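What follows is each chain in one-letter form.
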Amino acid sequence: MLQTIMELHTPRLLLRQWRDSDLAPFAALHADPRVMACFPATLSREASDALAQRCRDLIAARGWGLWAVTLRDNGAFIGMTGLHVPDAQLPCSPCVEIGWRLAFDYWGQGYAQEAAQAALRDGFTRLRLPEIVSFTALPNVRSSTLMARLGMRREHATFEHPALPPGHRLRTHCLYRLTRAEWCAREGITP
């Protein structure tokens, strides 16, 4: 059954379904070694387009996912943020994760946190998810810091991401969790 596709609005951002016009700036983001420093490699245009298409298809099927993020004042595409069910078998599986990836020019301006807060709100209010997780490679301090700012709790144990080979510099990951009850208490909302 085709789901109603939601858009999420924040004071500065729109999280929406993907458009063909997003593909070129998304590919530029994936070709930037600064953006991809905590990923195994940059992505080719073909791989980036395929990722955008998977995001588009999942949103069309479920009504939620990893949305394209644009600035509300001028419509500029800045990246993606949203919720996703990981394909890999992880210590927290089955789960829904929150993730983000923004073009370098938009780092340090609070956009990732603003978009992530909107995605968490949607996940816990409309979707009524019991928990949302996030994880990243240990060297990705920027994302770990954002996870903490979002009120997520870091698990003490780390895990080895199964998609990366043993000994890979990004294989060891940290895991953060946030339950709906914790989020509701922080937001002053009755569960």
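For the structure itself, look to the data block above.
Attention here is on the structure that accompanies the text. Given the structure is predicted, the values throughout are model-derived calculations rather than measurements. (Residues numbered from 1 in each chain as written. Predicted model: local features only at pLDDT ≥ 70, side-chain atom pairs only at ≥ 80, totals over all residues. Heavy atoms only, no water.)

### Details of the pairing of strand β4 (residues 77-84)
Summarising burial for β4: eight of the eight residues are buried, a large majority. Two strands pair when backbone bridges link them, and strand β3 (residues 66-71) and β4 are joined in this way by five bridges, in the antiparallel orientation. Residue pairing across strands places Ala-68 opposite Met-80, the latter belonging to β4. Hairpin geometry of β3 and β4 is characterised by an intervening segment of five residues between the two adjacent antiparallel strands and by a positive phi of about 75 degrees at Gly-75. Looking at chain direction, β4 and strand β5 (residues 97-102) are connected through six bridges and run antiparallel. Across the sheet, Gly-82 pairs through a bridge with Gly-99, a residue of β5. (Buried < 20%, exposed > 50% of the residue type's maximum accessible area, 1.4 Å probe, protein only. Helix = DSSP H or I, 4+ residues; strand = E, 2+ residues; numbered from the N terminus. Pairing = 2+ DSSP bridges.)

### Considering the state of the cysteines
A full pass over the atoms with the stated rule returns zero disulfides. A disulfide-free cysteine, Cys-38 has its sulfur positioned 10 Å from the sulfur of Cys-174, the nearest such atom. A residue is classified by how much of its surface remains accessible, and Cys-174, at 1% relative accessible area, is buried. (Disulfide = S-S within 2.5 Å.)

### A look at the pattern of salt bridges
Opposite charge on two side chains permits them to pair, given that their charged atoms come into close proximity. Taken as a whole, this structure holds twelve salt bridges when the rule is applied. With its nearest N and O atoms 2.8 Å apart, the salt bridge here joins Asp-32 to Arg-34. The exposure class assigned to Asp-32 is buried, which follows from its relative accessible area of 13%. The exposure class assigned to Arg-34 is partly exposed, which follows from its relative accessible area of 45%. Put simply, Arg-45 and Asp-49 hold a salt bridge, and the shortest N to O gap is 2.9 Å. Taken together, the residues span about one helical turn, with Arg-45 and Asp-49 both in helix α2 (residues 45-62) at a distance of four residues. Take Arg-45: its relative accessible area is 39%, and that puts it in the partly exposed class. Exposure remark for Asp-49: the relative accessible area of 23% places this residue in the partly exposed category. The network of salt bridges with common partners includes Arg-121, Arg-186 and Glu-187. (Salt bridge = Lys/Arg side-chain N within 4 Å of Asp/Glu carboxyl O.)

### Concerning the environment of Ala-27
Tracing the backbone shows Ala-27 in helix α1 (residues 23-31). A C-alpha to C-alpha distance of 5.3 Å links Ala-27 and Arg-45, two positions 18 residues apart in sequence. Once residues within four sequence positions are removed from consideration, Ala-27 is found in contact with Arg-45 and Ser-48. (Contact = heavy atoms within 4.5 Å.)

### Here we look at the packing of aromatic side chains
Given two aromatic rings, one states the distance between the centres and the angle between the planes to describe the pair. In total, this model carries seven aromatic pairs according to the counting rule given. Between the aromatic rings of Trp-18 and Phe-77, the centroid separation amounts to 5.7 Å while the plane-to-plane angle is 50 degrees, which identifies the pairing as tilted. Taken together, the positions of Trp-18 in the loop between β2 (13-16) and α1 and Phe-77 in strand β4 put the pair 59 residues apart, joining distant regions of the chain. For the pair formed by Trp-18 and Phe-77, the shared burial category is buried. For the pair Phe-26 and Phe-77, a centre-to-centre distance of 6.0 Å together with 85 degrees between the ring planes defines the contact as edge-to-face. Placement of Phe-26 in helix α1 and of Phe-77 in strand β4 is noted, with a sequence separation of 51 residues between them. (Phe/Tyr/Trp six-rings, centres within 6.5 Å; stacked < 30°, edge-to-face > 60°.)

### Side note on the pairing of strand β9 (residues 172-179)
Of all eight residues in β9, six are buried, a share of seventy percent or more. By the bridge criterion, seven bridges tie strand β6 (residues 131-137) to β9 in an arrangement that is antiparallel. Across the sheet, residue Phe-135 finds its bridge partner in β9, namely Leu-175. As paired elements, strand β7 (residues 153-154) and β9 share two bridges and run antiparallel to each other. Each residue of the ladder has a partner; that of Arg-153, found in β9, is Arg-177. For strand β8 (residues 159-160) and β9, the ladder comprises two bridges, and the chain directions are antiparallel. Bridge assignment links Phe-159 to a residue of β9, and that residue is His-173.

Remember, this is a structural readout, not a statement about activity or role.
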